[in-house]
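Summary of structural features
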Amino acid sequence: MVRIIRKEDAKNYLSKADEFLDEARDALLKSRFNAAGLNAIQAIINANDALTIFIIGKRASKDHREAIKTHIEAAGVIGDSSHRGILRDALASKSEVGYSGRMASKRVAQDLVRDATKFVKWTKKYVR
């Protein structure tokens with residue numbers, strides 16, 4: 001179920017995205033790859049929430065499909081869907097990185113932090 005959120009709250013979500021991204025980078029430097037990956041994914045989720053709130057006044061609250069759907073709607077308004085794949089891949093990785101018995105590799109963590117950095121930067125072009 002999509003939640004209607006005040007546009008002014010978008011900046012709070014973007015601030016959280018920055019905080020999670022900082023933690024992801026720090027964890028990567030400390031070779032804490034599971035923490036780096038999960039924090040990077042959370043940065044992407046919060047940045048996406050900031051984007052969808054700012055552009056269309058909605059935030060996904062139910063599941064990953066809803067997050068993709070609201071992202072597509074917001075991307076359509078701004079005419080830029082270039083980062084949808086990053087969101088899709090991050091959401092697909094969340095269970096494995098954060099909740100499975102497998103350990104995240106250095107490469108996976110590096111890729112997620114790189115993608116989160118791109119996604120957060122991209123979001124800041126639209127959320128003001």
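Okay, so let's go over this structure. Not measured: the values here are computed from a predicted model.

Another point: the overall build of the protein. Along the protein, the regular secondary structure elements total five helices and two strands. A compact globule built from 128 residues would reach a C-alpha radius of gyration of about 14 Å, and the protein, at 14 Å, matches this within 12%. Overall, the C-alpha framework of the protein stretches about 40 × 25 × 20 Å when taken along its three principal axes. Within the span of the protein, comprising 128 residues, buried residues form 45% of the whole. Sequence separation of 24 or more characterises 71% of the internal contacts of the protein that already satisfy a separation of 6 or more.

Here we take up the side chain of H71. Following the sequence through the fold, H71 ends up in helix α3 (residues 64-78). The class for H71 is buried, based on a relative accessible area of 0%. Among the polar contacts listed, one links the side chain of H71 to the side chain of N48, at a separation of 2.7 Å. Once you skip the residues sitting within four places of it in the chain, H71 turns out to touch N48, L51, T52, H83, R84, L87, F119 and W122.

Next up on the list: the pattern of salt bridges. Inspection of the entire model under this criterion finds 12 salt bridges. The shortest N-O distance in the salt bridge between D26 and K30 comes to 3.1 Å. Look at K30 and you get exposed, because its relative accessible area is 52%. A salt bridge links E96 to R102; the nearest nitrogen and oxygen atoms lie 3.2 Å apart. The exposed category is assigned to R102, whose relative accessible area is 56%. Taken together, the shared-partner salt bridges connect R107, D111, R114 and D115 into one network.

Within an α-helix, residues lying three or four positions from one another point in the same direction, as the helix has 3.6 residues per turn. Taking 1.5 Å per residue, 24 residues should reach 34 Å; helix α2 (residues 33-56) reaches 34 Å between its end C-alpha atoms and fits that length. With 19 of its 24 residues buried, α2 lies for the most part within the structure. The first or second residue beyond α2 is G57, which carries a positive phi of 75°.

Cut-off values and rules
- Within every chain, residues take consecutive numbers counted from 1 along the sequence as written.
- Where totals are concerned, whole chains, interfaces and linings use all residues; where local detail is concerned, this predicted model gives features only for residues with pLDDT of at least 70, and gives and counts side-chain atom pairs only at 80 or more.
- Side-chain numbers come from the whole structure's heavy atoms, not from hydrogens or water.
- Each helix corresponds to a stretch of at least 4 residues labelled H or I by DSSP, and each strand to a stretch of at least 2 residues labelled E; elements are numbered beginning at the N terminus.
- The quantity called the radius of gyration is restricted to C-alpha atoms. Its globule counterpart is 2.2 Å times the number of residues to the power 0.38.
- Only protein chains enter the accessibility calculation, which uses a 1.4 Å probe; a residue whose area is less than 20% of its type maximum is buried, one above 50% is exposed, and one in between is partly exposed.
- Contact definition: two residues touch when any of their heavy atoms are within 4.5 Å.
- Side-chain atoms alone can form a polar contact between residues adjacent in sequence; in general such a contact is a pair of N or O atoms within 3.5 Å, and within protein one must be able to donate a hydrogen while the other accepts it.
- The term salt bridge refers to a pairing of a side-chain nitrogen on Lys or Arg with a carboxyl oxygen on Asp or Glu at a separation within 4 Å.
- Here, expected helix span is obtained from the residue count minus one, scaled by 1.5 Å.

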